[in-house]
Amino acid sequence: MQTCALSTRQLNLWYGLFHALKNVDFCVYANAITALIGPSGCGKSTLLRCFNRMNDLIDDVIIKGSIHVEGRDLSTIDIIELRRSVGMVFQRPNPFPFSIYDNLVYGLQTHGIAKKCYPDIVERCLRAVDLWDDLKDRLHKPALELSEEMKQRLCIARVLTIEPRIILLDEPCSALDPIATMKIEELMIELKERYTILIVTHNMQQAARVSDYTGFMLLGELVEFGETSRIFTSPSDERTEGYITGRFG
Amino acid sequence: MPKNRAVLIDQIIKQTMRICAFSSLFFLFLIFLFILIEGLPLFYRVGVGNIIAGFKWAPTKGAFGIFPMIVSSFLVTIGALILGAPLGLACAVYLAEYAGKKKKLFLKPALELLAGIPSVVYGFLGVIYIVPLIRTYCGGSGFSLLAAAIVLGVMILPTVISISYDALMSVPRTYREGSLAMGATKWQTTYRVVIPAASSGILASFILGMGRAIGETMAVIMVAGNALRIPGSILDPLRTLTSNIALELAYASGDHRLGLFSTGVVLLIIIMILNYLANFVIRQKVIK
C-alpha cells in the first residue's frame, strides 16, 4: 500500500449553516495524480482547499475532523510552512500584474531566498512547464499579456519556485481551450514523477485521462474512491455510475 | 390611447432628465466663461510673466505678481499631502484588508462625516488648538505653513481614503489568494501585491486630494497668517491663491478686482491639470 500524502478522517465542514463536507475519509497517494470529480457545488473544491487552509479566508467556516499532510496533523503545521509545501493552482490563471520574472520570484522574495539563486530557479521552473524557450527573451514583459494557457503555465511555474511537494489544482483547465487543456494535462503527467498532485475537475474525461486515482463527490459526501480505471469501468456505487454515464450532473 | 400616453410620458421624463444632466455642464461652461472674460484682459495688459512670475502684489499700484501665492499654494498642498497621504492610505488599507464587517460598519460612515464637516469648523479648531501648540512648542506666531498643512492634511483624508479604498477593493480576490497560497503573510500580500495592483487608483486619490487642498479657502485663511511672501520656513505665515481672492474681493474694484479674477484663472488651470492627471492615471491602468 502506498503512503497517503494527504488524508482526512471524518472531515466535516460547514459554511455557516450549510453542511459542505460530510464525514469525508479521503487519501491522496504520494507521487500520483488524484482527481476529484462531481457536479458543481458537491464540495470538491472545498475539500481541496482544506489541505492548504484556503478556507480560512472565508468567514463562518467550521471544520471538524482530522486532516493530515505528509503524516502530520494539519493543526500542528505552521500555515506558512504548510502553504510552501502544498502549492495551489487556481481555476482562473491569476498571475500578478507584474512582469513574468517578478511573478516567478515573488515566492522566493517572500520566503527570503538568496537573490543569487533567482536566475537558476526561474529557468528551472520555466523549463518544467515548457515555457523557457518561449519566454526567456521577454522575462520582463507584463505577465498579463500572455495567452490564457501560458498564464496558467506561468502560475504552475510560480508554484514550483517555492518547491512544494504537493500541488493542488482547482479546475486548472476550465478557462482554457481544448488544445491548451491537452498541453496542461501532459504537463501534469510529467510533474507527477516529482510531485503529488490533487486535481479538482468537472471534466470527467480529464480525470480519466490524467489521474491514477479518482474520488467521486456528491452533496458533500465522498461517494466512492479508488483507482481511476476501476471507477470508470466498474463503479461500485450506483450514484457514481449514474454520474459517469451521464445520467445526471 | 393609454399606450401612446405611456410612451409620451416616458419621453418627457427622459428629456427632462437629459436637460438636468446637461445643465451641470452648462454651469461649468458659464463659470469658465465668466472667469476667463474677467480674468484674461489683465493678462493681456500687464503680461502673463508679470502676473505669474511677479513677486509684488500691490493691485492698487499696478503690481499684480502672484508668484508667492502660487508657491504658497503648492507648499501648503505638498505639506498636506505629506501628512494626509500616508495616514489616508493606511486607513484605506486597514478598511479594505483588515477591518471586519462590524468595524467597517462604523468606520465608513465616520469617514463620510469627516468629509461633511464644514471647512470653517476645521479652521476654527486649527486656530484654537493647532496654532497655539505651534506657537508654544515651535516658536513664531503659530499662524504658519505648518498649521495650514496639518489642517489640510486632515481635510484631504476623506478624499484619499475613499478613492484609495475603492482602488484596493477593485483588486481581484484571485491576486490575494494567489499570494497567500504561496505562503505569503497577510501583510506581504497587502504591500507586495494588493497595493501595487491598486497603485494607479491610490495615486489618483493623492492627486485628487491635492486638488482638494489647493482649492480649500476658509480653513487656510484662518490658520495660515496670510502674509504676502514666500515662506522661508514651515513656521512662516503664507497666503494661498484662494485666500487672496476671498480676503480681498469684498473691497476690490477696478483693476484690483480683475487681478483677483486673474488669480482665479491660475487656480482654475492648476485644478484642471490636477483633475486631468488623476483621470489620466486611472485610464492608464484600464488600458493595460
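A few points on the structure. (Residues numbered from 1 in each chain as written. Chains lettered and ligands numbered in written order. Predicted model: local features only at pLDDT ≥ 70, side-chain atom pairs only at ≥ 80, totals over all residues. Heavy atoms only, no water.)

Concerning the pattern of salt bridges
Tallied over the full model, the rule gives 22 salt bridges over all chains. Among the salt bridges present, the one from Asp170(A) reaches Arg49(A), with a minimum N-O distance of 3.7 Å. Of this pair, Asp170(A) sits in strand β7 (residues 166–170) while Arg49(A) sits in helix α1 (residues 44–50), placing them 121 residues apart in sequence. An identical accessibility class is assigned to Asp170(A) and Arg49(A); each is buried. The partner of Arg239(B) in a salt bridge is Glu248(B), with the nearest N and O atoms 2.7 Å apart. (Salt bridge = Lys/Arg side-chain N within 4 Å of Asp/Glu carboxyl O. Helix = DSSP H or I, 4+ residues; strand = E, 2+ residues; numbered from the N terminus. Buried < 20%, exposed > 50% of the residue type's maximum accessible area, 1.4 Å probe, protein only.)

So, the packing of helix α4 (residues 118–128) of chain A against helix α6 (residues 148–161) of chain A
Residues and elements named next belong to chain A. The contact between α4 and α6 brings their axes to 9 Å, and the two run at 135°. The orientation of α4 relative to α6 falls into the category oblique. Relative to α6, the crossing made by α4 is right-handed. In this structure, α4 uses Ile121, Cys125, Leu126 and Ala128 to contact α6, whose residues at the interface are Leu154, Ala157, Leu160 and Thr161. Partitioning the contact of α4 with α6 into residue classes produces seven nonpolar, one polar and no charged. (Axes fitted to C-alpha atoms, helices over the stretch in contact; angles between N-to-C directions. Parallel < 35°, antiparallel > 145°, perpendicular 65-115°, else oblique. Left-handed = near helix turned anticlockwise from the far one by under 90°. Contact = heavy atoms within 4.5 Å. Nonpolar A, V, L, I, M, F, W, Y, C, P; charged D, E, K, R; others polar.)

Observations concerning the sheet that holds β7(A)
Strand pairs in the sheet, formed through backbone hydrogen bonds, run parallel or antiparallel to each other. Residues and elements named next belong to chain A. Taken in spatial order, the six strands make up an open sheet running β6-β7-β8-β3-β9-β10, and their pairing is mixed. With partners counted over all chains shown, the strands left at the sheet margins are β6 (86–89) and β10 (221–227), one partner each. Averaged over all adjacent pairs, the angle separating strand axes in this sheet is 15°, with direction ignored. Across six bridges, strand β9 (residues 213–218) lies against β10 in antiparallel orientation. In the sheet register, Thr214 faces β10, and the bridge partner there is Gly226. Each of β3 (33–37), β7 and β8 (196–200) touches helix α7 (residues 178–191); the most contacted strand, β8, lies at about 150° to it. (Pairing = 2+ DSSP bridges.)

Digging into the packing of helix α3 (residues 100–110) of chain A against α4(A)
Residues and elements named next belong to chain A. As a packed pair, α3 and α4 sit with axes 10 Å apart at the nearest point and diverge in direction by 115°. At the point where α3 passes α4, the crossing takes the right-handed sense. Of the residues in α4, those touching α3 at Tyr101, Leu104, Val105, Leu108 and Gln109 are Tyr118, Pro119, Ile121, Val122 and Leu126.

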